Amino acid sequence: MRTGHFSPSRPSSPLHSSTTSNDSPSRHTFSQTLMEDTINEAGAIIKKWDLDTSSSTSYNRVANLFRDYREEALKFLDAVTNLQHGMHFVIKECSSSELLVQAQNLMQIAMKRLQKEMYTILSGNRYFLDSETLSTRSSRQSTRSSVSDEDEHDDEITNTEVSPRASEVEIVSELVMANLKAIADCMIGAGYGKECVKIYNLNRKSVIDETLYYLGVEKLTSSQIQKMDWEMLEKKTKNWLGSVKIAVSTLFHGEKILCDHVFSASDAIRETCFSEIARESAITLFAFPEMVAKYKKLSLEKMFTVLDLYNSISELWDEIELIFSFSSFEIVKSQAMASLVKLGEAARLMLSEFESAIQKDTSKAKAGGGVHPLTRYVMNYLVFLGDYSGAFAEIIGDLPLSVQSPLPESYFMSPIPDEDDSPSSAVSVKLAWLVLILLCKLDGKAQLYKDVSLSYLFLANNLNYVVSKDGMEQRADVIAENSTAEMSSPEAREWFFKFNSGFEEAYRVQSSWVIPDPKLRDEVKISLSRKIVSGYRIFYEKYRESLRSGGVKSVVRFAPDDLQNYLSDLFYGTGQSEQGTTAYGSVSPSVSISTASSPSHGR
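None of the values given here were measured: they were computed from a predicted structure.

Reading the values: rules and limits
Residues numbered from 1 in each chain as written. Predicted model: local features only at pLDDT ≥ 70, side-chain atom pairs only at ≥ 80, totals over all residues. Heavy atoms only, no water. Helix = DSSP H or I, 4+ residues; strand = E, 2+ residues; numbered from the N terminus. Buried < 20%, exposed > 50% of the residue type's maximum accessible area, 1.4 Å probe, protein only. Contact = heavy atoms within 4.5 Å. Core = buried A, V, L, I, M, F, W, Y, C linked by side-chain atoms within 4.5 Å. Axes fitted to C-alpha atoms, helices over the stretch in contact; angles between N-to-C directions. Parallel < 35°, antiparallel > 145°, perpendicular 65-115°, else oblique. Left-handed = near helix turned anticlockwise from the far one by under 90°. Salt bridge = Lys/Arg side-chain N within 4 Å of Asp/Glu carboxyl O. Expected span 1.5 Å × (residues − 1). Arc of directions from axis to C-beta. Nonpolar A, V, L, I, M, F, W, Y, C, P; charged D, E, K, R; others polar. Phe/Tyr/Trp six-rings, centres within 6.5 Å; stacked < 30°, edge-to-face > 60°. pLDDT = per-residue confidence, 0-100. Polar contact = N/O pair within 3.5 Å; in protein donor to acceptor, adjacent residues only side chain to side chain. Disulfide = S-S within 2.5 Å.

A. Main features of the overall build of the protein. Along the protein, the regular secondary structure elements total 25 helices and 0 strands. In the protein, which comprises 603 residues, the proportion classed as buried is 47%. By sequence separation, contacts in the protein at least 24 residues apart represent 81% of the contacts at least 6 residues apart.

As structure tokens, this is what we get:
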């Protein structure tokens, strides 16, 4: 009856019986033994550096593992990795095993030690984690360190790549950063990323805060700013101007490099980490210019402080976008942009007030026909504005010329050819426009003289002052100051390019200016020649030969005698010389002041 009956409780053959009855227990026993050995071996290394028990020597409890025992540090990291792998296996095979409790206790001991090591490295190596050192790391190093491989942490602290020409500080910095990265990789891999980040953030945020404090960057409110007198606010503004580039290009840049390196194992962690340590301080940094722009006591003389602030942010904008590229930093970039906008609005308002002040000036003409104080003030103001051509061009943009001006409609036409819409042309248009307003105002003041000849003298003297303050003379003094200075060929080349551009632009403007009196016209040209040609000649002779290999004709466009000839064409009022030709035949007149330079009452 039972012959041939298959019983599930009994094997159907001796072979099956042997295999089935013994395989599972033996495999379990083997795995148990292997895990015990793995955990015990890892535990022996980890307990050696236990901070709390007597199993480790008192010296080991206070020693710096990663600084003083680099080989031991490597073994420690390997032990943690092996322990972690063992824990995963035990959980899979038998989640209730006592081995898991033992392994968890060992992991807590290891993580506590690594937290202590990270704190010690961060607090004890601030000099070697200096932002300036970090911000000068090569792009190759930054790129290399931003790519991680979890299998490479064994070599991280022993095979750190450094340039053969690196300084001792840079070498130590690289090793310190490698240690921090190895610890972070290990803790994050073990599920202790939160604890690791907490220690890192507390330390590095204090570094940022302390550095900004020593740079003089304060967290101020709008109310505090409004209550300050201008002398105090100007002092703080100058301090901010001297600190902002260091803060952006060195401090925040260096901190981002460090954060990207240490937490390269996780994009999410490195973004969160850098955001937590830098965002608040960056907002504080970029909020100050906006508060200055809203200062209720701004006047015309404060225009240049506003432009300085605008220029600083504008010049750093590319770096700001690069450093604060994470989405969590949108608020920082928004604050920087808000400051730019408010500074631009303040500058435009002051420019409008400046134009209005010229038009509303009621002061009398100067006795004896000398240079009027209004002429000195306006031209000096415009010369300073010319130094901010980049920021000025961004600020004025498409700002229209005044539509309420009493000037003739013809003066609203652009003095620059329509096809030239470059930023420098926009600045030239606005400055030329302000000069025209001044000249027309002076024309009105000239009419107050009872003596016709004195009226002409007044106009001639003031026009001469305007000419002497023009950009051509200013740029040529630049050359004179550098005519004896030693500089490299690339530096000399750059100076020639600047001179070429400056001279051509100034010539284009002044070729349509007029000085009716021949004697005065000659005196003005002689004065310009002395200041421009003599200094240029020295510079020309000194560097012309050194630039020949680089194509001297494209760099040195004017010989000294050429400049002399070009200057002789100026101040005839039509953009032409007495012979009817211009030195620059293709350059259209930029400004025509012949109408404004003579009295309108028929003289």
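Next comes the rest of the account.
B. Seen up close, the nonpolar core. Counting residues in each nonpolar core, the largest one holds 157 residues, and the members touching the most others are Tyr200, Phe252, Phe263, Phe324 and Leu385. Those residues in contact with Leu385, other than ones at most four positions away along the chain, are Met303, Phe304, Leu307, Leu351, Phe392 and Leu431.

C. A look at the side chain of Thr284. The residue Thr284 is located in helix H13 (residues 267-293) in this model. Contacts of Thr284, omitting those with residues within four sequence positions, involve Glu218 and Lys219.

D. Layout of the packing of helix H10 (residues 193-215) against H13. H13 packs onto H10 with a crossing angle of 30° between their chain directions and a minimal axis gap of 9 Å. Judged on the interaxial angle alone, H13 and H10 are roughly parallel. Here the hand of the crossing between H10 and H13 comes out right-handed. Contacts from Val197, Tyr200, Asn201, Arg204, Lys205, Ile208, Asp209 and Leu212 in H10 reach Ile269, Cys273, Glu276, Ile277, Ala278, Glu280 and Ser281 in H13.

E. Inspection of the pattern of salt bridges at higher detail. Overall, the coordinates contain 21 salt bridges when judged by the stated rule. Across the pair Lys236 and Glu218 runs a salt bridge whose closest N-O atoms are separated by 2.5 Å. Of the two residues, Lys236 sits in helix H12 (residues 230-262) while Glu218 sits in the loop between H10 and helix H11 (222-227), which places them 18 residues apart along the sequence. For Lys236, a relative accessible area of 18% gives the class buried. Accessibility expressed as a relative area gives 39% for Glu218, which makes it partly exposed.

F. Spotlight on helix H17 (residues 373-386). Relative to the 20 Å expected for 14 residues at 1.5 Å per residue, H17 spans 20 Å between its end C-alpha atoms, a close match to the ideal helical length. Among the residues making up H17, those that are buried are Leu374, Thr375, Val378, Met379, Tyr381, Leu382 and Leu385. End-on, the buried residues of H17 take up no more than an arc of 160°, which puts them together on one face.

G. A look at the packing of H17 against helix H20 (residues 452-468). It is the contact of H17 with H20, at a shortest axis distance of 10 Å, that shows an interaxial angle of 15°. With respect to their mutual orientation, H17 and H20 come out roughly parallel. You can see that H17 and H20 cross each other, and the crossing is right-handed. Contacts between H17 and H20 involve Thr375, Arg376, Met379 and Asn380 from the former and Asn462, Tyr465 and Val466 from the latter. In the contact of H17 with H20, the residues fall into 3 nonpolar, 3 polar and 1 charged.

H. A look at the packing of aromatic side chains. Counted by the stated rule, this structure contains 27 aromatic pairs. Taken together, a centroid distance of 5.2 Å and an interplanar angle of 80° make the contact between Tyr127 and Phe128 edge-to-face. Take Phe128: its relative accessible area is 22%, and that puts it in the partly exposed class. By way of ring pairs, the aromatic residues Phe496, Phe499, Phe503, Tyr536, Phe539, Tyr540, Phe558 and Tyr566 are connected into one cluster.

I. Summary view of the confidence of the model for the protein. In the predicted model, the protein carries a mean pLDDT of 76, and 72% of its residues have values of at least 70. Helix H7 (residues 139-145) is the least confidently modelled element of the protein, averaging 45 in pLDDT, while H13 averages 96, the highest of any element. Here residues 403-420 scores under 50 on pLDDT; set against residues more than four positions off or in separate chains, the count is 30 contacts.

J. View of the environment of Ile323. The residue Ile323 is located in helix H15 (residues 317-323) in this model. Residues Ile323 and Ser249, 74 residues apart in the sequence, show an inter-C-alpha distance of 8.7 Å. Setting aside its immediate chain neighbours within four residues, Ile323 contacts Val248, Phe252, His253, Lys256 and Phe274.

K. Layout of H13. Taking 1.5 Å per residue, 27 residues should reach 39 Å; H13 reaches 37 Å between its end C-alpha atoms and fits that length. Extensive coverage of H13 is indicated by the burial of 19 of its 27 residues.

L. Inspection of the environment of Ser243 at higher detail. Turning to its location among the elements, Ser243 is positioned in helix H12. A relative accessible area of 3% places Ser243 in the buried class. Discounting residues that sit within four places of it in the chain, Ser243 has contacts with Leu215 and Val217. A distance of 2.8 Å separates a polar atom in the side chain of Ser243 from the backbone oxygen of Asn239.

M. Molecular detail of the state of the cysteines. Within the structure shown, the criterion is met by 0 disulfides. Here Cys259 is not cross-linked by a disulfide; its sulfur's nearest cysteine counterpart is in Cys273, at 3.7 Å.

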